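Structural features, examined
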Amino acid sequence: MEKKKVVVDLQQVDLLEQKIVKATELIRSLRRDRDAALSRLAGLEQTLARSEKEAAAAAQERQDLQDAADQIETLREERQQIRTKVTRMLEVISSLDEVSGEARRDH
């Protein structure tokens, strides 16, 4: 009976050893998976940071372009106002020349 108990105990120890080996292999595999996932995460975080930086730069560029377009529109409006004023001044000068010419003829 004693021998049978030892054999059963050895079988249980062998079974326990197999379970420990499988658990150890599983832990190693999970650690490798975790390390790979962390590495991928670090790469994705770098990609995200680059993308955010590019997006911010693009937004700034769009704002700069909009500011330039607004400035161009303002300059066009000012140019039109100046043309209008110059046209009026030329008309006044022309009318003064006509009045001056008539005044000379009258003398």
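Please refer to the structure placed before this passage.
Treat the numbers as computed from the prediction; the structure is a model and nothing was measured.

Assigned secondary structure in the protein consists of one helix and zero strands. Taking all 107 residues of the protein together, the buried fraction comes to 1%. Entry remark: accessible area of the protein is about 10200 Å², with carbon and sulfur atoms responsible for 57%.

Next up on the list: the pattern of salt bridges. One side chain can pair with another of opposite charge once the charged atoms of both are near each other. Enumeration over the complete set of coordinates arrives at one salt bridge. Among the ionic pairs, arginine 34 bridges to aspartate 35, the shortest N-O distance being 3.2 Å. Residue arginine 34 is classed as partly exposed on the basis of its relative accessible area, which comes to 46%. Judged by its relative accessible area of 42%, aspartate 35 falls in the partly exposed class.

The subject of this paragraph is a nonpolar patch on the surface. Taken together, the side chains of Ile82, Val86, Met89, Leu90 and Ile93 present a nonpolar region at the surface, about 470 Å² in accessible area. Judged by relative accessible area, which is 46%, isoleucine 93 ranks as partly exposed.

What follows is about a negative patch on the surface. Together, Glu61, Asp64, Asp67, Asp70, Glu73, Glu77 and Glu78 make up a negatively charged patch on the protein surface. Residue position: glutamate 77 is located in helix α1 (residues 2–106). What makes glutamate 77 partly exposed here is its relative accessible area of 43%.

Calculation notes
Residues numbered from 1 in each chain as written. Predicted model: local features only at pLDDT ≥ 70, side-chain atom pairs only at ≥ 80, totals over all residues. Heavy atoms only, no water. Helix = DSSP H or I, 4+ residues; strand = E, 2+ residues; numbered from the N terminus. Buried < 20%, exposed > 50% of the residue type's maximum accessible area, 1.4 Å probe, protein only. Areas by Shrake-Rupley, 256 points an atom, 1.4 Å probe, with all protein chains shown as cover. Salt bridge = Lys/Arg side-chain N within 4 Å of Asp/Glu carboxyl O. Patch = residues over 30% accessible without salt bridge, like charges linked within 9 Å, V, L, I, M, F, W, Y side chains within 5 Å. Lys, Arg positive; Asp, Glu negative; His and termini not counted. Charge placed at Lys NZ, Arg CZ, Asp CG, Glu CD.

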